[in-house]
Amino acid sequence: QVQLVESGGGMMQAGGSLRLSCAASGRTFSNYAMGWFRQAPGKEREFVAATSRSGVTTTYADSVKGRFTISRDNAKSTVNLEMNSLKPEDTAVYYCAAASSRGVVTGTAQYGYWGQGTQVTVSS
């Protein structure tokens with residue numbers, strides 16, 4: 001089992017920045033690809049960003065490319081999402097997830113472990 005706990009959500013005006021963190025415990029963190037997803041009210045959960053086990057390879061949804069940065073620290077068992085130039089459409093509950101896969105993983109079905117989520121609200 002892998003336990004994931006997100007933190008760092010909150011309210012921000014458009015154009016601002018937030019940094020989300022996800023702390024993992026339970027298994028060897030470096031054995032898991034990690035990802036961030038989000039879910040807005042009335043919408044399906046969608047992929048945001050992902051990183052490989054080593055952190056060398058990353059990928060982003062087109063909607064956040066150039067504004068968000070995913071990073072991980074395997075020594076601290078954490079994965080972060082730096083969010084800049086926030087837009088009202090970024091408003092959602094953000095989830096951290098872990099997948100026992102090689103490479104980067106973008107599909108929700110490929111992730112076996114999920115955090116409880118943290119709310120991000122961006123006002124115009």
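Refer to the preceding data block for the structure.
Nothing here was measured: the structure is a model prediction, and the numbers come from that model.

Caption draft 1: The nonpolar core, seen in detail. Counting residues in hydrophobic clusters, the biggest one holds 36 residues, and the most contacted among them are W36, L81, M83 and Y94. Elements represented by at least two residues in this core include exactly β3 (18-25), β4 (33-39), β5 (46-51), β7 (68-73), β8 (78-83), β9 (92-99) and β11 (118-123). Those residues in contact with L81 that sit more than four places away from it in its chain are L18, R19, L20, W36, V48, A49, F68, T69, I70 and Y94.

Caption draft 2: Broad picture of the pairing of β5. A large share of β5 lies buried, amounting to five of its six residues. Where β4 and β5 come together, five bridges link them in antiparallel fashion. Bridging from a neighbouring strand, R38 pairs with E46 of β5. Hairpin connection between β4 and β5: a loop of six residues separates the two successive antiparallel strands, and G42 in this loop has a positive phi of roughly 80 degrees.

Caption draft 3: Quick peek at the pattern of salt bridges. One pass over the full model with this rule turns up five salt bridges. For the salt bridge of R38 with D90, the shortest nitrogen-to-oxygen distance reads 2.9 Å. Residue R38 is located in strand β4, and its partner D90 is located in the loop between β8 and β9; the two are separated by 52 residues in the primary sequence. You'll find R38 and D90 in the same group, each marked buried. A salt bridge links R67 to D90; its shortest N-O distance comes to 2.8 Å.

Caption draft 4: Fine view of unusual backbone geometry. Phi at S77 takes a positive value of approximately 55 degrees, unusual for a residue other than glycine. Phi at S85 is positive, roughly 50 degrees, even though this residue is not glycine.

Caption draft 5: A look at the packing of aromatic side chains. Under the counting rule described, the total for this entry stands at six aromatic pairs. The ring of Y95 carries R45 above its face, with NZ or CZ at 3.7 Å from the centroid. Lying over the aromatic face of F29, R72 brings its terminal NZ or CZ to 4.3 Å of the ring centre.

Caption draft 6: Representation of the sheet that holds strand β1 (residues 3-7) within the structure. The four strands lie next to each other as β1-β3-β8-β7, forming an open sheet whose pairing is antiparallel. For this open sheet the edge positions go to β1 and β7, each flanked by a neighbour on one side alone. In this sheet, adjacent strand axes meet at a mean angle of 15 degrees when their direction is disregarded. Across six bridges, the pairing between β7 and β8 is antiparallel. From the neighbouring strand, I70 faces β8, where its bridge partner is L81.

Caption draft 7: Structural detail: the environment of V104. Along the chain, V104 turns up in the loop between β9 and β10 (113-114). Taking C-alpha positions, V104 is 20 Å from Q3, a pair spaced 101 residues apart along the chain. Other than its neighbours up to four places away in sequence, V104 contacts A50, T51, S52, T57, T58 and T59.

Rules behind the numbers
- Residues numbered from 1 in each chain as written.
- Predicted model: local features only at pLDDT ≥ 70, side-chain atom pairs only at ≥ 80, totals over all residues.
- Heavy atoms only, no water.
- Core = buried A, V, L, I, M, F, W, Y, C linked by side-chain atoms within 4.5 Å.
- Buried < 20%, exposed > 50% of the residue type's maximum accessible area, 1.4 Å probe, protein only.
- Helix = DSSP H or I, 4+ residues; strand = E, 2+ residues; numbered from the N terminus.
- Contact = heavy atoms within 4.5 Å.
- Pairing = 2+ DSSP bridges.
- Salt bridge = Lys/Arg side-chain N within 4 Å of Asp/Glu carboxyl O.
- Phe/Tyr/Trp six-rings, centres within 6.5 Å; stacked < 30°, edge-to-face > 60°.
- Lys NZ or Arg CZ within 6 Å of the ring centre and 35° of its normal.
- Axes fitted to C-alpha atoms, helices over the stretch in contact; angles between N-to-C directions.

Keep in mind that these numbers describe shape and distance, not what the molecule does.
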